[in-house]
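Residue-level structural notes
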Amino acid sequence: MREIENIVIGKSAIPSLIITVILMVAIPVIFFIYWRKNHKQQTKISWLIAGAIGFIVSARVLELGVHMVCIVTDNPISRFINGNTIAYVLYGIIMAGVFEECGRYIVLKYIMKKNRTTENAVMYGIGHGGIEILAVLLPAIITYLAVAVLFSAGDMENALSTLNITEETASAALPSIQATAAFDYGMMAMNVIERLFAMLLHIGLTVVVYYGVVTAKKICLPVAIILHMLMDTFPALYQRSVAPLWAVELWAGVWTGVVVFIAVNFYRKMKQSSSSESI
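Residues numbered from 1 in each chain as written. Predicted model: local features only at pLDDT ≥ 70, side-chain atom pairs only at ≥ 80, totals over all residues. Heavy atoms only, no water.

With their axes 8 Å apart at the nearest point, helix H9 (residues 185–215) and helix H10 (residues 220–239) run at an angle of 165 degrees to one another. Here H10 runs roughly antiparallel to H9, going by the angle between their axes. Here H9 runs over H10; the crossing is right-handed. Touching Phe197, Leu201, His202, Leu205, Val208, Val209, Tyr211 and Gly212 of H9 are Cys220, Ala224, Leu227, His228 and Met231, all from H10. Split by residue class, the contact of H9 with H10 holds 10 nonpolar, 3 polar and no charged. (Axes fitted to C-alpha atoms, helices over the stretch in contact; angles between N-to-C directions. Helix = DSSP H or I, 4+ residues; strand = E, 2+ residues; numbered from the N terminus. Parallel < 35°, antiparallel > 145°, perpendicular 65-115°, else oblique. Left-handed = near helix turned anticlockwise from the far one by under 90°. Contact = heavy atoms within 4.5 Å. Nonpolar A, V, L, I, M, F, W, Y, C, P; charged D, E, K, R; others polar.)

Turning our attention to the layout of surface pockets. Roughly 1,700 Å³ of volume is contained in the largest pocket. Together, 44 residues line the largest pocket, and Leu137, Glu194, Arg195, Pro235 and Gln239 are the ones closest to its centre. If one sorts the elements of the lining of the largest pocket by residue count, H9 sits on top with 9 residues. Here the lining of the largest pocket is composed, by residue class, of 29 nonpolar, 7 polar and 8 charged. (1 Å grid on protein atoms, 1.4 Å probe; cavity = no way out; pocket = protein on both sides within 12 Å on 5 of 7 lines; lining within 4 Å. Points joined across faces, edges and corners; volume = space filled by probe spheres on them.)

This paragraph deals with the pattern of salt bridges. Summed over all chains, the structure comprises 5 salt bridges. When the shortest N-O distance is used, the salt bridge between Glu101 and Arg104 registers 2.8 Å. Taken together, the positions of Glu101 and Arg104, both in helix H5 (residues 85–111) and 3 residues apart, correspond to about one turn of that helix. Residue class for Arg104 comes out buried when judged on its relative accessible area of 1%. (Salt bridge = Lys/Arg side-chain N within 4 Å of Asp/Glu carboxyl O. Buried < 20%, exposed > 50% of the residue type's maximum accessible area, 1.4 Å probe, protein only.)

In this section: the nonpolar core. Ile4, Phe151 and Ile177 are the most contacted members of the largest nonpolar core, which totals 60 residues. The residues contacting Ile4, other than those within four sequence positions of it, are Phe151, Met156, Leu160, Ile165, Ala170, Ala173, Leu174 and Ile177. Formed by 8 residues, the second largest nonpolar core is a distinct cluster that contains Val89, Ile93, Ile225 and Met229. (Core = buried A, V, L, I, M, F, W, Y, C linked by side-chain atoms within 4.5 Å.)

Here we come to a nonpolar patch on the surface. Residues Ile45, Ile49, Ile53, Ile56, Val57, Val61 and Leu62 make up a contiguous nonpolar surface patch of roughly 560 Å² in combined accessible area. For Ile56, the location among the structural elements is in helix H3 (residues 45–72). Looking at Ile56, the relative accessible area reads 34%, which means it is partly exposed. (Patch = residues over 30% accessible without salt bridge, like charges linked within 9 Å, V, L, I, M, F, W, Y side chains within 5 Å. Areas by Shrake-Rupley, 256 points an atom, 1.4 Å probe, with all protein chains shown as cover.)

Moving on, we come to the environment of Met188. With respect to the secondary-structure elements, Met188 resides in helix H9. When the C-alpha positions of Met188 and Met123 are compared, they lie 26 Å apart, and in sequence the two are 65 residues distant. For Met188, the contacting residues outside a window of four places in its chain are Ser16, Ile19, Thr20 and Phe183.

On the secondary structure map, Val89 appears in helix H5. On the accessibility criterion, Val89 (8% relative accessible area) is buried. Spatially, the C-alpha atoms of Val89 and Ile77 are 14 Å apart, while their sequence positions differ by 12 residues. Contact partners of Val89, with chain neighbours within four places excluded, come to Thr233, Ala236 and Leu237.

Below, the discussion takes up unusual backbone geometry. One non-glycine residue with positive phi stands out, namely Asn115, at about 55 degrees. If you trace the backbone, Asn115 turns up in the loop between H5 and helix H6 (118–152). A residue is classified by how much of its surface remains accessible, and Asn115, at 40% relative accessible area, is partly exposed.

Helix length check: H5, at 27 residues, gives a terminal C-alpha distance of 38 Å against a target of 39 Å (1.5 Å per residue), a fit within 8%. The backbone nitrogen of Ile86 lies 3.0 Å from a side-chain oxygen of the residue at the head of H5, namely Asn84. (Expected span 1.5 Å × (residues − 1). Polar contact = N/O pair within 3.5 Å; in protein donor to acceptor, adjacent residues only side chain to side chain.)

Once that is clear, we can look at the packing of H5 against H10. At their nearest, the axes of H5 and H10 sit 8 Å apart, and the two run at 140 degrees to each other. For the pair H5 and H10, the crossing hand works out as right-handed. Across the interface between the two elements, Tyr88, Val89, Ile93, Ile94, Ala96, Gly97, Val98, Glu100, Glu101, Cys102, Arg104 and Tyr105 of H5 pack against Leu221, Ala224, Ile225, His228, Met229, Asp232, Thr233, Ala236, Leu237 and Gln239 of H10. Across the contact of H5 with H10, the residue classes break down as 14 nonpolar, 4 polar and 4 charged.

In structure tokens, the structure reads:
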């Protein structure tokens, strides 16, 4: 508890967290407004909603259900995975790749059969990536902001009481409070850039999977899974304190570029095909 009481919130923590919250909301909103404005006739809001629901079901319900057994609860499997870095990394990237890309494939192939357009595929990707920001990451940043405000107010007893931090829970809360205290404009930039990469990745992978659906090329799904796994490799290594944060961002930039390059080529092929069919 004494370690928490001695923590001093950095001067830039609160303003940088406020800006981060604003930008996190702005990213999916701007993507949606831009794409919808330029492709209103070819897009349907239902595809945006389908992308959001697809992410929630595949990543936040089904995948998290497996994590509860394999990572969270105490059993021989979780002890092995948590105690072995290679197993932890392989497990993490395989689960993320399989659940999200298979979920994407199932929705695009079997549920979203109407209004199949390349523009709607992008809209689905915006919904998928956007809800990840709004439902998963934004609440965490808002929590950091609340912690920063409470600790900066000077009333330590009130801060600890409001956050329900006791002697028993202090050790578990310490890392989050330390991260909040250290949050600055550099971390803000890292978070925003990472989300931009993630949005482009989700849009790109959606186009790859969609291309496989409409062209009946089965290879596209495993390609999407592998690309997703590769993208998540360094973040998983960072969680195990094996890779530095700068390497994670560099890795993310490289693989986002690869995915976007593939997706743009597939997108153009589908547009050319639809144009030739309409002639």
